[in-house]
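Chain residues, written in single-letter form:
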Amino acid sequence: MATSSTTVTITGAGGQIGYALLFRIAAGDMLGPDRPVRLRLLEIPQGMRAAEGAALELQDCAFPLLHDVEVTDNARTAFEGCSIGMLVGARPRGPGMERADLLAANAGIFGPQGEAIGAGAASDVRIVVVGNPANTNALLAATAAGDVPADRFTALTRLDHNRAVGQLTEALDVRPDEIDGVAIWGNHSATQFPDVSHATVRGVPVVDALTERLGDKERAMAWLDDSFIPRVAKRGAEIIDVRGSSSVASAANAAIEHVRDEQAGTAWTSAAVVSQGEYGVPEGLVCSFPVSSDGSGYRVVEGLDLDDRSRARFEASVSELVAERDAVRELGIL
Ligand code: NAD
Ligand code: LMR
């Protein structure tokens, strides 16, 4: 019996991240070798030629799992029947900008797209927002989506999670798959809190492994505070500084892993989800937490201890999310 295909909508498909996403999705990297896909590529008129060119190249790859590609500049058409929506299309920041500087420029995109999702997406729709400021854009889309349950909307902090693992592999001289339990709390911004207090390497607490490697606990804590946390939190700016433009392949990879693990299930990763009040975060904010999935959507891992310093860092990032929410309210967009 033929397997039915899953409709995946990608906004900003003619842009940099779009180009890094499409071919891997069509090759089966996101949903696996047994799930064919139909791709819906949404662009604005200026981006249509780039998206159409990508569609021609997709055809030239003759991917067995790719059942259909449609390019459109109409959000209603793009989200009709959509089961997985990847909201990438937005302006990226340049050197010297913070992601929140994009609030006004990009906020106008996500309300209308949320409405289109509410109007026509499939009943099992799940959305990941990549376009910055990702958390607050996800809040806007979720709010505009009418009857679609808010918990179907998430924002990407898997890139930050992977960056944290990458820094630890270098510091501890281990492989990425030997590290478990890293967590990103808060906003996808420089205020985020990359947390290793529940993380282990080969089953040993990361703090103990760092203490062993650096000589004493004081040095281990200083490395975490002065190197690890700021490096991960500001890695987006570092990439912009070195490359001259924002991250692309690593962002696309993280978005694929976010959707793959949400759909296939995972015991632990990081994602920004709509708060239901967990850890005291105001309800409705789209906030990053450690999460798990049984295949039916991300849920916050509850019951973790956060010491006073950790809680202060997390609360600073949550305050920024509150300020972003209030700013879009003032703009009249929320
Ligand atoms: P890009 O400029 O190369 O591509 C963006 C594309 O979006 C363009 O082709 C543009 O035409 C299109 N677009 C703009 N408005 C649109 C709309 N209303 N509907 C559909 N398409 C629209 O940028 P990029 O490098 O691909 O980055 C895209 C976004 O992803 C940026 O906001 C960037 O900051 C963000 N980003 C987020 C993360 C993360 O971890 N959350 C990581 C990297 C980049
Ligand atoms: C990133 O983290 O690389 C992206 O959010 C792009 C940016 O503006 O930092």
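In case you missed it, the structure is sitting above this.
All values reported here derive from a predicted model rather than from experimental measurement.

1. Section: the site of ligand 1
So, step 1. Neighbouring residues of ligand 1: 23 residues in total, closest Gln 16, Ile 17, Glu 43, Val 130 and Asn 132.
So, step 2. Contact distances for ligand 1 include 3.4 Å between an oxygen atom and a backbone N or O atom of Gly 15.
So, step 3. Within the backbone of Gln 16, an N or O atom sits 2.9 Å from an oxygen atom of ligand 1.
So, step 4. Expressed as a share of its isolated accessible area of 870 Å², the protein-covered part of ligand 1 is 87%.
So, step 5. Looking at the shell around ligand 1, the elements that each hand over two or more residues are helix H1 (16–27) and helix H4 (103–120).
So, step 6. Across the shell around ligand 1, the residue classes tally to eleven nonpolar, ten polar and two charged.

2. Brief notes about helix H6 (residues 158–172)
So, step 1. In this model H6 runs 21 Å from its N-terminal to its C-terminal C-alpha over 15 residues, within 8% of the 21 Å that 1.5 Å per residue would give.
So, step 2. Counting buried residues along H6, eleven of its 15 residues qualify, which places the element largely inside the surrounding structure.
So, step 3. By the burial criterion, the buried members of H6 are Arg 158, Leu 159, Asp 160, His 161, Arg 163, Ala 164, Val 165, Gln 167, Leu 168, Thr 169 and Leu 172.

3. Section: the site of ligand 2
So, step 1. Near ligand 2 the following residues occur: Arg 93, Arg 99, Asn 132, Leu 159, Arg 163, His 188, Gly 236, Ile 240, Ser 246 and Ser 247.
So, step 2. Side-chain polar atom of Arg 99 to an oxygen atom of ligand 2: 2.7 Å apart, as the coordinates give it.
So, step 3. When ligand 2 sits alone it has 260 Å² of accessible area, and the protein chains cover 94% of it.
So, step 4. Broken down by secondary-structure element, the contributors of at least two residues to the shell around ligand 2 are H6 and helix H9 (235–243).
So, step 5. Its residues placed into classes, the shell around ligand 2 shows two nonpolar, five polar and three charged.
So, step 6. When residues are assigned to domains, the shell around ligand 2 turns out to be shared by domain 1 (6–155) and domain 2 (158–326), each giving three or more.

4. Here we look at the sheet that holds strand S2 (residues 37–42)
So, step 1. The sheet built from nine strands is open, its strands ordered S3-S2-S1-S4-S5-S6-S12-S13-S14 with mixed pairing. Unpaired on one side and paired on the other, strand S3 (66–72) and strand S14 (298–300) mark the two borders of the sheet. Sheet twist, expressed as the mean angle between neighbouring strand axes with direction ignored, is 35°.
So, step 2. Inspection of the sheet shows strand S1 (residues 6–11) paired to strand S4 (residues 84–87) by four bridges, in the parallel sense. Each residue of the ladder has a partner; that of Thr 9, found in S4, is Gly 85.
So, step 3. H1 contacts S1, S2, S3 and S4 of the sheet and is inclined by roughly 165° relative to S2.

5. Quick word on the pairing of strand S5 (residues 126–129)
One face of the sheet, then the other: side chains in a regular strand alternate in exactly this way.
So, step 1. The alternating pattern of S5 places Arg 126 and Val 128 and Ile 127 and Val 129 on opposite faces, both of which are buried.
So, step 2. Summarising the sheet, S4 and S5 pair through four bridges and their orientation is parallel. Bridge pairing in S5 places Ile 84 opposite Arg 126.
So, step 3. On the question of chirality, the crossover connecting S4 to the parallel S5 by way of H4 is right-handed.
So, step 4. Relative to strand S6 (residues 153–155), S5 runs parallel, the two sharing three bridges. Residue pairing in the sheet places Val 129 in a bridge with Ala 155 of S6.
So, step 5. The parallel pair S5 and S6, bridged by helix H5 (residues 134–144), forms a crossover whose chirality is right-handed.

6. Description of unusual backbone geometry
So, step 1. Cis geometry is adopted by the peptide bond preceding Pro 133, which originates at Asn 132 and carries an omega value of -10°.
So, step 2. Tracing the backbone through its elements, the reader meets Pro 133 in the loop between S5 and H5.
So, step 3. Even without glycine at this site, Asp 173 takes up a positive phi of about 55°.
So, step 4. Relative to the helices and strands, Asp 173 is located in the loop between H6 and strand S7 (179–180).

7. What about the packing of aromatic side chains?
So, step 1. In total, this model carries seven aromatic pairs according to the counting rule given.
So, step 2. Here the aromatic rings of Trp 185 and Tyr 279 are separated by 5.0 Å at their centres, their planes lie at 85°, and the arrangement is edge-to-face. Pair noted here: Trp 185 is in strand S8 (residues 183–185) and Tyr 279 is in the loop between strand S12 (266–274) and strand S13 (286–293), with a separation of 94 residues, a long-range link. Here the two residues Trp 185 and Tyr 279 agree in accessibility, since each one is buried.
So, step 3. Aromatic ring contacts, followed pair by pair, group Trp 185, Tyr 279, Phe 289 and Phe 314 into a single cluster.

8. Some details on the packing of H1 against helix H10 (residues 249–264)
To characterise two packed helices, one gives the angle between the axes of the helices and the distance between these axes.
So, step 1. Where H1 meets H10, the axes come as close as 8 Å, and the angle between the chain directions of the two elements is 45°. Classified by the angle their axes make, H1 and H10 are oblique. Between H1 and H10 lies a crossing whose hand is right-handed. Only Ala 249, Ala 251, Ala 252, Asn 253, Ala 255 and Ile 256 of H10 make contact with H1, whose side of the interface consists of Ile 17, Ala 20, Leu 21, Arg 24 and Ile 25.

9. Comments concerning the pattern of salt bridges
So, step 1. Across all of its chains, the model carries 21 salt bridges by this definition.
So, step 2. A salt bridge links Arg 152 to Asp 151; the shortest N-O distance between them is 4.0 Å.
So, step 3. Salt-bridge contacts for Arg 260 lead to Asp 261; the nearest nitrogen and oxygen are separated by 3.1 Å.
So, step 4. Residue classification places Arg 260 among the partly exposed residues on the basis of a relative accessible area of 31%.
So, step 5. A single network of salt bridges, built from pairs that share partners, joins Arg 158, Glu 257, Arg 260 and Asp 261.

So, how was this worked out
- Residues numbered from 1 in each chain as written.
- Chains lettered and ligands numbered in written order.
- Predicted model: local features only at pLDDT ≥ 70, side-chain atom pairs only at ≥ 80, totals over all residues.
- Heavy atoms only, no water.
- Near = heavy atom within 4 Å.
- Polar contact = N/O pair within 3.5 Å; in protein donor to acceptor, adjacent residues only side chain to side chain.
- Areas by Shrake-Rupley, 256 points an atom, 1.4 Å probe, with all protein chains shown as cover.
- Helix = DSSP H or I, 4+ residues; strand = E, 2+ residues; numbered from the N terminus.
- Nonpolar A, V, L, I, M, F, W, Y, C, P; charged D, E, K, R; others polar.
- Expected span 1.5 Å × (residues − 1).
- Buried < 20%, exposed > 50% of the residue type's maximum accessible area, 1.4 Å probe, protein only.
- Domains from an automatic or database assignment.
- Pairing = 2+ DSSP bridges.
- Axes fitted to C-alpha atoms, helices over the stretch in contact; angles between N-to-C directions.
- Contact = heavy atoms within 4.5 Å.
- Right-handed = clockwise from strand over helix to strand, strands pointing away.
- Phe/Tyr/Trp six-rings, centres within 6.5 Å; stacked < 30°, edge-to-face > 60°.
- Parallel < 35°, antiparallel > 145°, perpendicular 65-115°, else oblique.
- Left-handed = near helix turned anticlockwise from the far one by under 90°.
- Salt bridge = Lys/Arg side-chain N within 4 Å of Asp/Glu carboxyl O.

In short, the description is geometric, and any link to function would need to be established separately.
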